[in-house]
Structure formats: C-alpha cells, structure tokens
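Residues per chain are reported as follows:
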Amino acid sequence: MSAELGGRSGLQGKLTRWLRGRRPKDTADGGGREALLLASAAAGLPLAPAAHPAGYRCSCDRVGCPTPARHPVSFAWQTQSTTDRGQIERWARHQPQANFITATGMVHDVLDVPVEAGREALERLLDAGIEVGPVAESDDGRLLFFTATRGTPEDEDEWWPCELDCHPETMDEHPGLRWHCRGSYVLVPPAQLPGEDRTVRWVRGPEHPLPDPLSLLEVLTDACARYAGEEPDHASAAWPLRRH
C-alpha cells in the first residue's frame, strides 16, 4: 500500500479527483492481492473466501444469484473466518479468482453508506480532526467505514443498532446507512464485481486503527439524510436500543 493512503493530504487529493469525476488509480494492483489480504488479516479482520464474477454473473451455481460475487462460498463462513496467515495464503493461492469477505461483529463493524454521502462525511470527519479508520469504496455505489465492534458493552444488557442493523439478506431494505455487525459480512479489498473494471478497493488501508462507531455515526447519519433530502432523526437512528 502506498504511503499516500495513510496521509490526510493524499486522501483530500483523492476526494478532489472524485468530485471532478476522475477515479483515482486503484491501489489493489500495486500492492498485490495476497499482500492486501494478509494486511487485512494482520489488522484483525477475519476473512473467508467468497464468490467471484463470471462475466456479468456470479461464479456460484445459483440461478439468478441475488448478490453476484458478493457472498461467501461456504454456509459455514462465520466459523470459517480467520486471521491465520497460513490459511489465507493457501486460500489465495488455490483460489486465485476468489473474492474474500470479512465477518463483522467479531472484531469490527462496518458502517456502509451511499458513496456520495460517504465522501461528504469523510471530508467533514477529517476536517474536524476525528479519527477515521479503514475506509473502502465499492463500485456498486457504497463507501464502507470500518470501526471497532460495539459487541455487548458492559453497561448494557445487549447492544442492537436498531433499524440500522444490516444482515446480508436484508441489504436491499437498507438503501441508506447500513450497520454490519453480528451475523453480517462485507467484501474486503481487493475484490472484483460483475461488469467491466468494477472493484472494491481501499481508500484508507487497514493499517489505520479501528475507531468507536459512535464517533462517526452522527456525521454519517447527517450526510445520509442530506443525500436523501431528509432531516436526520438522531433519536431513532443514532442511539442504541437496550433490550432486556
């Protein structure tokens, strides 16, 4: 990964190029697929093999796959997910076309927003000096903010992020902000999507520490509300629901 990804000035330059409609050069090619996967695992992100594009379709055998090239290949992906370097090297070498998912809710969560709202929020967060962790961009129009998992805080019986909670089978129901936590997953860069030159790539790499999701949530919900042309509802969207 280039040093530019870790610097604020480099990121702001990328944001400027985005706004001008010119996509910055993908970083996945320069770093190497296996090296980038191992970097994610070294940062604590548990990985498992996923499907990959077969032309404009999915490599799985399912007719009309609803999430082509975006899902794990094994139903046991939660127990299969690992940070073990040797296992990831074997997977990467024996399955050279495979994408990889990272299981959320173990070490990290992902706040997943429309790309336009995400770019606005990212600039605001950096300008405010708020610590931002790894961020990935997907060419299906999403920006993924990787955070520490909330898990079950000691002062709460159970943590639920209300209607923001997103599981793979409910993603179409959450066009705005999605919160991937327990039982969910996202593609980890570098990944290929169906279509010509459509990828998932790092904007800020996994070397950045994972922040608390609540430190990002208000800015992200504000940006998503503006993107949707609505006023943000902080009471229902930004705070946990205590369950007994």
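Higher on the page you've got the structure.
As the structure is a computational prediction, the values presented were derived from the model and not from experiment. (Residues numbered from 1 in each chain as written. Predicted model: local features only at pLDDT ≥ 70, side-chain atom pairs only at ≥ 80, totals over all residues. Heavy atoms only, no water.)

> Please clarify how the overall build of the chain should be interpreted in this entry.
A count of helical and extended segments in the chain gives eight helices and 14 strands. Among the 244 residues that make up the chain, the fraction classed as buried is 50%. Put simply, 74% of the contacts in the chain that link residues at least 6 apart link residues at least 24 apart. A total of about 11,700 Å² of accessible surface is found on the chain, and carbon and sulfur atoms cover 49% of it. (Helix = DSSP H or I, 4+ residues; strand = E, 2+ residues; numbered from the N terminus. Buried < 20%, exposed > 50% of the residue type's maximum accessible area, 1.4 Å probe, protein only. Contact = heavy atoms within 4.5 Å. Areas by Shrake-Rupley, 256 points an atom, 1.4 Å probe, with all protein chains shown as cover.)

> Looking at this structure, I do not really get the environment of Tyr185. What am I missing?
Mapped onto the elements, Tyr185 comes out in strand 11 (residues 185–188). The spatial distance from the C-alpha of Tyr185 to the C-alpha of Gln78 is 9.0 Å, given a sequence separation of 107 residues.

> Please clarify how unusual backbone geometry should be interpreted in this entry.
For residues other than glycine, phi is negative in most cases, and the peptide bonds are mostly trans. The omega angle of the peptide bond from Pro189 to Pro190 is -5°, so this bond is cis rather than trans. Assignment of secondary structure puts Pro190 in the loop between strand 11 and strand 12 (191–193). For Asp197, which is not glycine, the phi torsion reads 55° and is therefore positive. Within the secondary structure, Asp197 sits in the loop between strand 12 and strand 13 (198–204).

> Explain the side chain of Ser138 here, please?
For Ser138, the position within the fold is in strand 6 (residues 135–138). By relative accessible area, Ser138 is classed as buried at 8%.

> Honestly, helix 7 (residues 214–228) in this entry has me stumped. Any pointers?
Every α-helix winds through 3.6 residues per turn, so residues three or four apart in the chain are directed the same way. Taking 1.5 Å as the rise per residue, helix 7 with 15 residues should run 21 Å; its terminal C-alpha atoms sit 21 Å apart, in good agreement. Phi turns positive one or two residues past the end of helix 7, at Gly229, with a value near 75°. (Expected span 1.5 Å × (residues − 1).)

> Teacher, can you tell me more about the packing of aromatic side chains here?
The description of an aromatic ring pair uses the distance of the two centres, along with the angle that the planes make with each other. Applying the stated criterion to the full structure yields three aromatic pairs. Plain terms: the ring middles of Trp77 and Tyr185 are 4.9 Å apart, the flat faces sit at 80° to each other, and that makes the pair edge-to-face. With Trp77 in helix 4 (residues 77–80) and Tyr185 in strand 11, this residue pair connects regions lying 108 residues apart in the sequence. You can call Trp77 buried: its relative accessible area is 11%. Measuring from ring centre to ring centre gives 5.2 Å for Phe146 and Trp202, while their planes differ by 55°; the resulting arrangement is tilted. Note that Phe146 is positioned in strand 7 (residues 142–148) and Trp202 in strand 13, a separation of 56 residues in sequence. (Phe/Tyr/Trp six-rings, centres within 6.5 Å; stacked < 30°, edge-to-face > 60°.)

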